[in-house]
Each structure stands twice: as C-alpha cells, then as structure tokens.
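Here is how the chains run, residue by residue.
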Amino acid sequence: MSVRRRFPAGPDVSVDELVAGLSAEAVAAPLRVGDERVVDFLVAFARKLLAPATARRFPELASLGFFLRRGEIAKVLAAPEKAGVLRFPRGLVFHVPPANVDTIFVYSWALSALAGNRNVVRISPRSAGAASAVVDALNEALASADPVVAQTQVMVTYDRDDAVTAALSAACDLRVIWGGDRAVTEVRRMPLAPHARDVTFPDRASFAAISVAGWEAASVRERREAAVGFYNDSYWFDQAACASPRALFWVGDAAGAEQGREEFLALLGEVLADKGHVVEPAMAVQKRVSAYGVAADGHARSIRFDGNAVATLELTSAGDVPREWLGAGTFPLATLPSLDALVPMVRRKDQTLSVFGFGQGELERLAHDLAGRGIDRVVPFGSALTFSELWDGYDLLSEFTRLVTVRA
C-alpha cells in the first residue's frame, strides 16, 4: 500500500513508512501547543496565499491567508490557562476532508498543527484548482521552515482504498472526518485504537435571513455590501459549502419583503456582472432540473430564472425549505412574520444562519429559543465561509489537545 506524497513533495511512500516517520519516537524535537516553529511556517504560508496573483485567481484563499496571519493566530492561542491545568498535543491526527470544498482541510490541519500535533491529511484525487495552489504554497513556504515541520506534517493523495484508510485510522490518536453523512459513516467503519476518537463534520444545511425593517433602514452602500457578502457566501464554492445559504428568508411584513426582494436580486445581478461570473452549461442544466424537481414535489409555487446565474423558488410553505444542494445560485425564498418563526423549522443538521439587518438582542433571543438543537453559527452576510476555531459547535483547539491536571 503506497500513497502519493503532496506535502512535503516527494516520491510515493508506503503507508508503513509514512506511519513510522510520523511516530512520536521519530520526531527529534517534539512540537508543543503554540509552537513558534509552526507559527512561523503558517505565517510564511499565509503570505504566499495573500500574494496578489494567487488571491485574484482564488479569492477564497485570501480568507485562508487572513485566518493564518500572526495576529489572528495569536488570538486563537490566547485562551487563558486554568491554574493546575496543562495543555498538550493529542498525538497523530488523521484528516479526511471532502473533495467539493477543496481548501477546508487547511483550516482543520492548521489548527491541529498549532496544537502541536503530528498530522497526516488525505487530499482527494478529485481536488484541483485551489487545492493545488495551496499545496504549491505549502511547499514553497517549507524552504525557510524549521525541519520539524516537514517531519511532522504530511499531506498525501490516494484513490479510494479502504486498506490505506484503515491503516492510517488504526495509527492515529484523533480522526477528523469532513463530508456527507454517507462518507462519514463509511470512514467510521474503520476501527480506531481504543484511546482514539473521531471529530466529524457530516452533512449540514445553512440559510440566510434579511430583516425587512433592517433592509428599509439600510443605506444604499449597506445594501450593496449585503449583496456582495451574499455573493461571497453563496458562489465561492458553487453553494456546495456546508455554510453556504441554501435558502433566503425575509423577516417582516409581506409587502416590504416583496419590494426588498426585487431590490436585492437586482443588486445581486449587478455584483455577478461586476465579478464576471460565468455559469457552466452543466450547472445551468442542474439548476433547472433541481428547481423543477422541487416544484414537482409540491414545495414551490413559482420559479424564476434571472439568466443562468440566479434561480429563485417561491416556497409553498417556509417549512418546506429544501436542505439538499440544488445547484450554484439557486435560492428558495419565503417570508416569515418574525425571527422566532424559524424555531420550529430548525433541525439538528442546520449549521449557519447568515443575517442582515437584525440587532444583537434579536439574534441572541433566537439562539436561546433554539437552545443548541440546531444553528451553531449566526454571522453577518459575507462571513458565512469565514472559518474560526469554533466550528459546528466544536472548540477545535480544545478538541486537538489533551488536558493534564497537576495538583500539589
């Protein structure tokens, strides 16, 4: 059993050699939580991502670059220590990211590396584009890094091979699985060591909400910025990211919502034109098939296509909101009388609610009403895809470390 080594770049390596090289005994200078050697490497890597040529070609990588700036890393590591409680790395972490959002692996890997762990990441053979740019930047940054980085951080590619996944699973202390419910279930069939455990990120659905009153009170500039933020949240990963909104709710009176929708869609169309957004023919077909499928099932009473870039569906009932991916730029719409009307609709798999025009108090009341049974993040438009160490209800830095209590 062998795998293709992507980072550090090198020849194919057998799984046994890979595991042996990542063993605790093989590391001459073990990492610590917040290790400066890792911090320096990640900051150098971030500079590569923020280079104008890379950021223009892959705008989603600019967000990753900002996340890995030295100041942002310091914030992540700034959690106060409790007296008599020491924090240490977990050991070897095996990451299995999805192929459809091909940079998400960097976030979980970077946080795990900051926690001082040895890491092996499986990059899907189907990943391309931004994922390749990430790997290139990592290898370029490695030239000036401490040798311990190359010794403890590895990214590999292999075709679907249960034997390889099983071997890496058996060797790890923590396994991080991103993907659909089916993918998570399949990987979890591979046994872990008795002391090891999983952190899973299965299928999730996310939504957006606009306050009618907030929209009416907003300036022209604020409305334009909302459309830009919504575009970034929805179109960067073809609306396939777990945090990308799958539906848009207008909250308030129906007449105001109708007028606001038209203004918002016009602004979104302008943003799409300014960005030079191009819809591939296959995606245009996908959107029509999905939209008509929702209508055929009785969940939409009207469908509107604004070119190939935007499709909107007027839902028969707000509770009929589809959670599956319908194609990039496909937005079921519904009007709610108040924000608390969302509460009975929310399910455990619902992750992010991106919002515009609401006050902090309104949003906190919603969170209290939901009581943790769904919606792990409420963020403003433009921040749905902004990763943080708090994700899907996990404090990831805590998940990636072990706590040792010491009492004299």
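As a starting point, this report considers the structure included with it. (Residues numbered from 1 in each chain as written. Predicted model: local features only at pLDDT ≥ 70, side-chain atom pairs only at ≥ 80, totals over all residues. Heavy atoms only, no water.)

**So, the overall build of the protein**
Along its length, the protein carries 16 helices and 18 strands. Taken against the 2.2 N^0.38 rule, which gives 22 Å for 408 residues, the C-alpha radius of gyration of the protein at 22 Å falls within 12% of a compact globule. Each of the three principal axes of the protein carries a C-alpha extent, and together these read 70 × 55 × 40 Å. Taking all contacts inside the protein whose residues are at least 6 apart in sequence as the whole, residues at least 24 apart take part in 74%. Within the structure as shown, the protein displays about 17900 Å² of accessible surface, and the carbon and sulfur contribution to it stands at 53%. (Helix = DSSP H or I, 4+ residues; strand = E, 2+ residues; numbered from the N terminus. Rg over C-alpha atoms; globule rule 2.2 N^0.38 Å. Contact = heavy atoms within 4.5 Å. Areas by Shrake-Rupley, 256 points an atom, 1.4 Å probe, with all protein chains shown as cover.)

**Quick word on the layout of surface pockets**
When its volume is computed, the largest pocket comes out at roughly 1200 Å³. Elements supplying a minimum of two residues to the lining of the largest pocket: α4 (59-67), α6 (104-114), α9 (162-171), β7 (174-178) and α10 (181-188). At 4 residues, α10 tops the list of elements feeding residues into the lining of the largest pocket. Residues that form the lining of the largest pocket fall into these classes: 27 nonpolar, 7 polar and 15 charged. In terms of domain composition, the lining of the largest pocket takes at least three residues from each of domain 1 (2-201 + 392-405) and domain 2 (205-380). (1 Å grid on protein atoms, 1.4 Å probe; cavity = no way out; pocket = protein on both sides within 12 Å on 5 of 7 lines; lining within 4 Å. Points joined across faces, edges and corners; volume = space filled by probe spheres on them. Nonpolar A, V, L, I, M, F, W, Y, C, P; charged D, E, K, R; others polar. Domains from an automatic or database assignment.)

**Regarding a nonpolar patch on the surface**
Residues Leu 86, Phe 88, Val 404 and Val 406 make up a contiguous nonpolar surface patch of about 310 Å² in total accessible area. Locating Val 404 in the fold gives a position in strand β18 (residues 401-405). A relative accessible area of 36% means that Val 404 is categorised as partly exposed. (Patch = residues over 30% accessible without salt bridge, like charges linked within 9 Å, V, L, I, M, F, W, Y side chains within 5 Å. Salt bridge = Lys/Arg side-chain N within 4 Å of Asp/Glu carboxyl O. Buried < 20%, exposed > 50% of the residue type's maximum accessible area, 1.4 Å probe, protein only.)

**Here we look at the packing of aromatic side chains**
Scanning the model with the defined rule gives 22 aromatic pairs in all. Summarising the aromatic geometry, the rings of Phe 230 and Phe 381 are spaced 5.6 Å apart at their centres and angled 40° between planes, so their arrangement reads as tilted. One end of the pair, Phe 230, is in helix α12 (residues 220-235); the other, Phe 381, is in the loop between β15 (377-380) and β16 (390-391), and 151 residues separate them in sequence. Judged by relative accessible area, Phe 381 falls into the buried class, the value being 11%. Ring geometry for Phe 356 and Phe 381: centres 6.2 Å apart, planes at 40°, overall tilted. Residue Phe 356 is found in strand β14 (residues 350-356), and its partner Phe 381 is found in the loop between β15 and β16; the two are separated by 25 residues along the sequence. (Phe/Tyr/Trp six-rings, centres within 6.5 Å; stacked < 30°, edge-to-face > 60°.)

**What about the sheet that holds strand β1 (residues 2-7)?**
As a general point, the strands of a sheet are linked pairwise by backbone hydrogen bonds and lie either parallel or antiparallel. With respect to topology, 7 strands assemble into an open sheet ordered β2-β1-β6-β5-β4-β7-β8, the strand pairing being mixed. Two strands in the sheet have a free side with no partner beyond their single neighbour: β2 (13-14) and β8 (197-201). Here β1 runs beside strand β6 (residues 153-157); their pairing, made up of 3 bridges, is antiparallel. Looking at β6, one finds that Phe 7 is bridged to Met 155. (Pairing = 2+ DSSP bridges.)

**Quick word on the packing of α12 against helix α13 (residues 254-275)**
For the pair α12 and α13, interaxial distance at closest approach is 9 Å and the crossing angle is 65°. In this structure, α12 crosses over α13, and the sense of that crossing is right-handed. Residues Arg 223, Arg 224, Ala 226, Ala 227, Val 228, Phe 230, Tyr 231 and Tyr 235 of α12 touch α13, and the partners they reach there are Glu 263, Phe 264, Leu 267, Leu 268, Glu 270, Val 271, Leu 272, Asp 274 and Lys 275. Split by residue class, the contact of α12 with α13 holds 11 nonpolar, no polar and 6 charged. (Axes fitted to C-alpha atoms, helices over the stretch in contact; angles between N-to-C directions. Left-handed = near helix turned anticlockwise from the far one by under 90°.)

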